[in-house]
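Architecture and fold: a report
Below are the chains, spelled out letter by letter.
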Amino acid sequence: MKKIVDFATPEVVRGSFGYDSYLLYSALKAKGEDVMMLENATPLQIHKAGQEEADNWYIHYWSYPQKGMIKWAERNLIGEKKYIGYKPLIKKNNLPLADDINNELLLIGMANLPNVLNEFQYGLMSDCDQHLKGKGLDNVMPLFLSYGCPNLCEFCPIPPNRENEQPRRILLSDDKIQTTLKRMRELGYNNIHFCDED
């Protein structure tokens, strides 16, 4: 079994790479793989649930405050460990990047996301627009129609995270966009937060 862990963080705003665990889970489910997602997890939760063992771990490291939990994971999680999320942070800490996460897999995850949103304890994990606390905003769900950004703004964390990817921004095809939006409507997700950059 593959397990994806998205450790808790005090940050309430996520860039696209902050959703990598969700997109990976969506893609692996679409491919029929045996995968489990541990959302907003803490070491104590994982330990109490007896979830320390897996064939493969995908550990989502995208936020500096997660560092202590990453150190715990390195010492305590049993099985092959690979990291997804903010690549400069992962490289800085000399952790193994998941080399099987590529543009094709991200596109599969983006297209399949509506089909797995109901499996998540938390849907929208970023609150840059005050969706989580907004009045009259019921059940706001995240959605990606593109991932990454072609611009090279120096102040932004996206360019260094996509520096070795071509193209820097990937997009669902027009047909996939229509199908994905239709599926969101069919599932009753009427409040959508588009997580696309820019």
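A few points on the structure. (Residues numbered from 1 in each chain as written. Predicted model: local features only at pLDDT ≥ 70, side-chain atom pairs only at ≥ 80, totals over all residues. Heavy atoms only, no water.)

1. Considerations on the overall build of the protein
We apply this condition: Note on conventions: DSSP H or I runs of at least 4 residues are helices, E runs of at least 2 residues are strands, and numbering of each starts at the N terminus. As a reference, a globule follows 2.2 Å times the number of residues to the power 0.38, and the radius of gyration itself is taken over C-alpha atoms. A simple rule labels every residue: compare its accessible area, found with a 1.4 Å probe on the protein chains alone, to the largest value its type can have, and call it buried under 20%, exposed over 50%, or partly exposed in between. In what follows, residue pairs with any heavy atoms lying within 4.5 Å of each other are defined as contacts. For the area figures, the Shrake-Rupley method with a 1.4 Å probe applies, and any residue is considered shielded solely by the protein chains shown. Lys and Arg are tallied as positive, Asp and Glu as negative. Neither His nor the chain termini are counted. To locate a charge, take atom NZ for lysine, CZ for arginine, CG for aspartate or CD for glutamate.
Counting its regular elements, the protein contains seven helices and eight strands. What you see for the protein is a C-alpha radius of gyration of 16 Å, in line with the 16 Å of a compact globule of 198 residues. Projected onto its principal axes, the C-alpha coordinates of the protein cover approximately 45 × 35 × 35 Å. Looking at the protein residue by residue over its 198 residues, the buried ones come to 49%. Here the analysis covers contacts within the protein between residues at least 6 apart in sequence; of these, 74% occur between residues at least 24 apart. Within the structure as shown, the protein displays about 10,200 Å² of accessible surface, and the carbon and sulfur contribution to it stands at 49%. Separation between the mean location of the 23 positive side-chain charges and that of the 27 negative ones in the protein comes to 3 Å.

2. Quick word on the environment of Y61
On the secondary structure map, Y61 appears in strand 3 (residues 53-61). When the C-alpha positions of Y61 and Y86 are compared, they lie 6.4 Å apart, and in sequence the two are 25 residues distant. Apart from the residues within four sequence positions on either side, Y61 is in contact with Q66, K67, I70, Y83, I84, G85, Y86, L89, I90, N93 and L95.

3. Some thoughts on the packing of aromatic side chains
What counts here: Ring pairs shown here join Phe, Tyr and Trp side chains whose ring centres sit within 6.5 Å, with only the six-membered ring taken for Trp; geometry is labelled stacked below 30 degrees between planes, edge-to-face above 60, and tilted in between.
Scanning the entire structure with this criterion turns up seven aromatic pairs. With centroids separated by 6.1 Å and ring planes inclined at 40 degrees, the aromatic side chains of F144 and Y147 adopt a geometry described as tilted. The residues F144 and Y147 share a single accessibility class, namely buried. Following the ring pairs from residue to residue traces out a cluster consisting of Y19, Y22, Y25, F120, F144 and Y147.

4. Quick look at the layout of surface pockets
Applied cut-off: Only protein atoms enter the calculation, which uses a 1 Å grid: trapped sets of points that fit a 1.4 Å probe without letting it out are cavities, open sets showing protein on both sides within 12 Å along at least five of seven lines are pockets, and any residue with an atom within 4 Å of a point is a lining residue. Grid points are joined across faces, edges and corners, and a volume is the space filled by probe spheres set on the points. Any residue that is not Ala, Val, Leu, Ile, Met, Phe, Trp, Tyr, Cys, Pro, Asp, Glu, Lys or Arg is counted as polar, Gly included; the first ten are nonpolar and the last four charged.
A volume near 250 Å³ is recorded for the largest pocket. Of all the secondary structure elements, the ones that give two or more residues to the lining of the largest pocket are strand 4 (78-85), helix 4 (87-92), helix 5 (103-116) and helix 6 (158-161). Classifying every residue of the lining of the largest pocket gives nine nonpolar, five polar and seven charged.

5. Topic: the sheet that holds strand 4
Our working rule: Whether two strands pair depends on DSSP finding at least two bridges between them. Helix axes are fitted only over the stretch in contact, all axes being lines through C-alpha atoms; the angle between N-to-C directions runs from 0 to 180 degrees.
With respect to topology, four strands assemble into an open sheet ordered 2-1-3-4, the strand pairing being parallel. Looking at the sheet topology across the chains shown, the edges are occupied by strand 2 (35-41) and strand 4. Going across the sheet, the axis of each strand differs from the next one's by a mean of 20 degrees, ignoring polarity. Pairing geometry for strand 1 (residues 2-7) and strand 2, over five bridges, is parallel. Residue V5 lies in a different strand from strand 2, and its bridge partner there is L38. Strands strand 1, strand 2, strand 3 and strand 4 of the sheet are contacted by helix 1 (residues 20-30), whose axis makes an angle of about 165 degrees with strand 2. Contacting strand 1, strand 2, strand 3 and strand 4, helix 3 (residues 67-76) crosses the sheet at an angle of about 150 degrees to strand 4.

6. Some points on the packing of helix 1 against helix 5
Basically, it comes down to this: For this classification, under 35 degrees means roughly parallel, over 145 means roughly antiparallel, 65 to 115 means roughly perpendicular, and everything else is oblique.
Closest axis-to-axis distance for the helix 1/helix 5 pair is 7 Å, and the angle between their directions is 85 degrees. With respect to helix 5, the axis of helix 1 lies roughly perpendicular. Touching Y22, L23, L24, Y25, S26, A27, K29 and A30 of helix 1 are L105, L106, I108, G109, M110, N112, L113 and V116, all from helix 5. For the contact of helix 1 with helix 5, the residue count by class is 12 nonpolar, three polar and one charged.

So yeah, pure geometry; function would need other evidence.
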